[in-house]
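# Coordinates in review
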Amino acid sequence: MNSPGHPQRGRHTPRFDATDGWNPLTLGVLAGVWIAALSNWPLWRALLALPETASLRGALFVLGFGVMIAALLTALLALFAWRFTIKPMIAFLLLAAAFGAHFMGSYGVVIDTTMMTNVLQTDPREVRDLMSWRMLAGVGALAGVPLLLLWRAPLARLRFWPQAGRNLITLIGALLVLALLVFALFADLSATMRNHRSMRYLINPLNSLYALGDLAAQSNAKPAGPPLPIGLDARIAPRAAGARPPMMMVVVGETARADHFALNGYARATNPELRALDVLSFSRVMSCGTSTATSLPCMFSHLGKADYEARGRDHENLLDLVQRAGMAVLWIDNQAGCKGLCARVPNAFARDAVAGAPALPASLCDGEECLDAALLHDLDARIAALPAAARERGVLLVLHQMGSHGPAYAKRSPPERKPFGPECTTNVLQQCDHQALINAYDNSIAYTDHVLAQTIHWLKQQQSGFDTSLLYVSDHGESLGENNLYLHGLPYAVAPVEQKHVPMLLWFGARAADDGQVRVDCLRAQRDVALTHDNLFHSALGVLGITASEYKRPLDALAPCRAP
Ligand SMILES: [Zn+2]
């Protein structure tokens, strides 16, 4: 393994001469075996739990799969097996694999392009929520220990051509081993990957490398330049004489599950305040994605899920169209931002101070994070700052909640609003008592109930000037330990229904109902109709009374119940 000796070099010779350092290739092979065997424990745990691996044949398949991963990593590292590149490359792979193993093993998530997007778009507060001693221990064991050994390992001095030859032979050898194993295990391999599609996203750290490459390819594929405009023919439809301009509040929920809303039949009283208001709950609404980054742009797009995912160019969204039609638009965010949706319309973070308004009380904002009631705190002042002429034509407000964002569910409700106890207060969800975890989550839903009720009370105060309405819909759901899965963000095709079935609520002020614009009894009969995020764009245009060539009446959930 060591390169042939060099001539003696006098007093500047380092402590190790050519014969007693490590060859970079040896380190590469050892790192490949370490990562394949140990850093892939979530994959081995998942594979060994499958009924098809219970036999001897299955065990041999799992072993062969491990050798395949080691061979692939060895082939990759053979390309970098040079004095100055091997250690950084091994360090990168060790760290990527260790973090990947922690999140996959702890939360049952997998690492695909969507998850990588979430990781790259996340903000420091969310990272803090995910940090734990358990993570430090896991990453320390899987990456810290080998990194320490790697750091201390002296490297041999190499001559270029012999090392190039060794690297090439190792690369070819590793690829041959891989090819032979794929051939020998093809039947089991293809069946396992077909029947358990999420397994491929567990292969560590190749999943992260693949996702990063895919994201880079996507951003290269996307043409530069601003998004394509929509609603160039958008107009405000003529209103009946005496009718007020519309004020529509869209509340984008976060991580709320439809089946934890009492309005949808959940056994616990998670909706005590909304129950007392005349709120409609649609019981069968599916999300566009399983994460904020995928759902949010899709919800506000005119394209719908299928066309949105297949789009070649980015388009403007509902907010741009409503503004173009002449109405006032405002996005207020209490989370990680609007993912570019509000870039061309007035927007603010809930924690942003408003000039001349009293500061947010410490009970709402702790300096880093705000409870969702902060969204309402300066609403009047923020709306007063919008152009008056546009306000007179109509107003679209979007509140982007913190909602039930995990894993620190207990932080999503204030101490005085926790009907369910005791609460899980750690972010290591699988260590929590299951009922305590549900309690913390349900408290966040009950708090959302309170915030939405407050929002409706605020809207009622606007009724003298506006026809008011509220539409609440969550961006995606959440796994709370079903099948050992936690959080959200699994690829849509394999994600469980808990991550995709979302609550959607509708409320109309007295005027909108009285004017006969919508027949509420008719809507009530529609509550079990199957809907998706695809309906949001078109339903909102319907409520606001805006016509545009992008509007599709069949996707307007309210159209069947609107006066012609
Ligand atoms: Zn989300």
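See the structure printed just above.
My aim in this report is to walk through the structure given alongside it, one point at a time. Here the structure is a predicted model, which means the values were calculated and not measured.

Looking only at helices and strands, one finds 21 helices and 12 strands in the protein. For the protein, the spread of C-alpha atoms along the principal axes amounts to about 95 × 50 × 50 Å. Looking at the protein as a whole, 54% of its 564 residues are labelled buried. Partitioning the intrachain contacts of the protein with sequence separation of at least 6 by distance along the chain shows that 78% fall at a separation of at least 24.

On to the environment of Thr468. Summarising the element assignment, Thr468 is placed in strand E7 (residues 467–474). The exposure class of Thr468 is buried, given its relative accessible area of 1%. When the C-alpha atoms of Thr468 and Gly394 are compared, they prove to be 9.9 Å apart, with 74 residues separating the residues in sequence.

Right, let's get into the pattern of salt bridges. Oppositely charged side chains are able to pair whenever their charged atoms sit close together. Evaluation of the coordinates by the stated rule reveals 14 salt bridges. Asp442 is the salt-bridge partner of Arg268, the closest N and O atoms lying 2.8 Å from each other. Separated by 174 residues along the polypeptide, Arg268 in the loop between strand E2 (246–253) and helix H11 (272–275) and Asp442 in helix H18 (residues 434–461) bring together distant segments of the chain. Judged by relative accessible area, which is 22%, Arg268 ranks as partly exposed. Given the relative accessible area of 0%, Asp442 is considered buried. Taking the shortest distance from any N to any O, the salt bridge between Arg324 and Glu316 comes out at 2.7 Å.

Within the fold, Gln163 resides in helix H8 (residues 160–184). Apart from the residues within four sequence positions on either side, Gln163 is in contact with Asn23, Pro24, Leu25, Ala81, Trp82 and Leu158.

As a further point, take the state of the cysteines. Under the counting rule described, the total for this entry stands at five disulfides. Sulfur-sulfur distance for the disulfide between Cys338 and Cys342 comes to 2.1 Å. In this structure, the disulfide formed by Cys338 and Cys342 twists by about -85° around the S-S bond and is classed as left-handed. Judged by its relative accessible area of 9%, Cys338 falls in the buried class. The side chain of Cys424 participates in a disulfide bridge whose partner is Cys432; the two sulfur atoms lie 1.9 Å from each other. The chirality of the disulfide connecting Cys424 with Cys432 is right-handed, given an S-S dihedral of about 75°. Numbered by position along the chain, the disulfide-linked cysteines of the protein connect as 1-2, 3-4, 5-6, 7-8, 9-10.

All right, on to the packing of helix H3 (residues 56–78) against helix H4 (residues 86–107) then. Where H3 meets H4, the axes come as close as 10 Å, and the angle between the chain directions of the two elements is 145°. The chirality of how H3 crosses H4 is right-handed. On H4, the residues touching Leu73, Leu76 and Leu77 of H3 are Ile86, Met89, Ile90 and Leu93. Across the contact of H3 with H4, the residue classes break down as seven nonpolar, no polar and no charged.

Attention now moves to a nonpolar patch on the surface. A cluster of nonpolar side chains, Leu56, Leu60, Leu63, Val67 and Val177, forms an exposed patch at the surface whose accessible area comes to about 480 Å². It is H3 that contributes the most residues to the nonpolar patch, four residues altogether. For Leu60, the position within the fold is in helix H3.

Taken together, the eight strands give an open sheet; going across it, the order is E5-E4-E6-E2-E7-E10-E3-E11, and neighbouring strands pair in mixed fashion. The open sheet has two edge strands, strand E5 (347–349) and strand E11 (531–532), and neither has a second partner. Across the sheet, H18 touches E2, strand E6 (395–400), E7 and strand E10 (501–508), and the angle it forms with E7 is around 165°.

Right, let's talk about the side chain of Asp372 for a bit. Here Asp372 shows up in the loop between E5 and helix H15 (374–377). No salt bridge forms around the buried Asp372; measuring N to O, its nearest opposite-charge neighbour Arg412 is 7.6 Å away. Side-chain polar atoms of Asp372 contact the side chain of Gln401, separated by 3.5 Å. Of note is the side chain of Asp372, whose polar atom sits 2.7 Å from the backbone nitrogen of Met402. Ignoring anything within four residues of it in the chain, the contact list for Asp372 reads Asn334, Gln401, Met402, Gly403, Tyr447 and Val451.

Moving on, we get to the nonpolar core. Met249 and Leu274 are the most contacted members of the largest nonpolar core, which totals 57 residues. Ranked by the residues each element gives to this core, the list is headed by H18, at 13 residues. In this view, Leu274 contacts Leu263, Val279, Asp449, Leu452, Ala453, Ile456 and Leu505; residues no more than four positions away in its chain are not counted. Counting residues in hydrophobic clusters, the runner-up holds 56 residues, among them Met68, Ala71, Leu189 and Ile203.

The next point concerns the packing of H3 against H8. Relative to each other, H3 and H8 sit at 155°, their axes nearing to 8 Å. The orientation of H3 with respect to H8, classified from their angle, is roughly antiparallel. Along this stretch, H3 crosses H8, giving a crossing that reads as left-handed. Between H3 and H8, the residues in contact are Gly64, Val67, Met68, Ala71, Leu72, Thr74, Ala75 and Ala78 and Asn167, Thr170, Leu171, Ala174, Leu175, Val177, Leu178, Leu181 and Val182, respectively. Per-class residue counts for the contact of H3 with H8 are 13 nonpolar, four polar and no charged.

Basis of the calculations
- Every chain is numbered on its own, with residues counted from 1 as its sequence reads.
- Selection of residues for local features in this predicted model requires a pLDDT of at least 70, selection of side-chain atom pairs for listing and counting requires 80 or more, and totals for whole chains, interfaces and linings are taken over all residues.
- With hydrogens and water excluded, all non-hydrogen atoms of the structure serve as input to the side-chain values.
- Strands are runs of DSSP state E lasting at least 2 residues, helices are runs of H or I lasting at least 4, and numbering of each runs from the N terminus.
- Any residue under 20% of the maximum accessible area for its type is buried, any over 50% is exposed, and the rest in between are partly exposed; the area is computed with a 1.4 Å probe on protein chains only.
- The contact criterion used is simple: two residues touch if any of their non-hydrogen atoms lie within 4.5 Å.
- Definition used for salt bridges: Asp or Glu carboxyl oxygen within 4 Å of a side-chain nitrogen of Lys or Arg.
- Working definition: a disulfide is two cysteine sulfur atoms within 2.5 Å of each other.
- A fitted line through C-alpha atoms represents every axis, and for helices the fit uses only the stretch in contact; the resulting angles, taken between N-to-C directions, go from 0 to 180 degrees.
- Crossing handedness follows the turn of the near helix against the far one: under a right angle anticlockwise gives a left-handed crossing, and clockwise gives a right-handed one.
- Amino acids are sorted into nonpolar (Ala, Val, Leu, Ile, Met, Phe, Trp, Tyr, Cys and Pro), charged (Asp, Glu, Lys and Arg) and polar (every other residue, Gly among them).
- What goes into a patch is any residue over 30% in relative accessible area without a salt bridge, connected to like charges within 9 Å or, for nonpolar side chains (Val, Leu, Ile, Met, Phe, Trp, Tyr), within 5 Å.
- Under the convention used here, a 1.4 Å probe and the Shrake-Rupley method define accessible areas, while residue burial counts only the protein chains that appear.
- If DSSP finds at least two bridges between two strands, the strands pair.
- This count recognises Lys and Arg as positive and Asp and Glu as negative, with His and chain-terminal groups excluded.
- Here a polar contact is taken to be a pair of N or O atoms separated by no more than 3.5 Å, where protein atoms must pair a possible hydrogen donor with a possible acceptor and residues adjacent in sequence count only if both atoms sit in side chains.
- In plain words, nonpolar cores are sets of buried Ala, Val, Leu, Ile, Met, Phe, Trp, Tyr and Cys residues tied together by side-chain atoms within 4.5 Å.
- Throughout this description, any angle smaller than 35 degrees is read as roughly parallel, any larger than 145 degrees as roughly antiparallel, any in the 65 to 115 degree range as roughly perpendicular, and the remainder as oblique.

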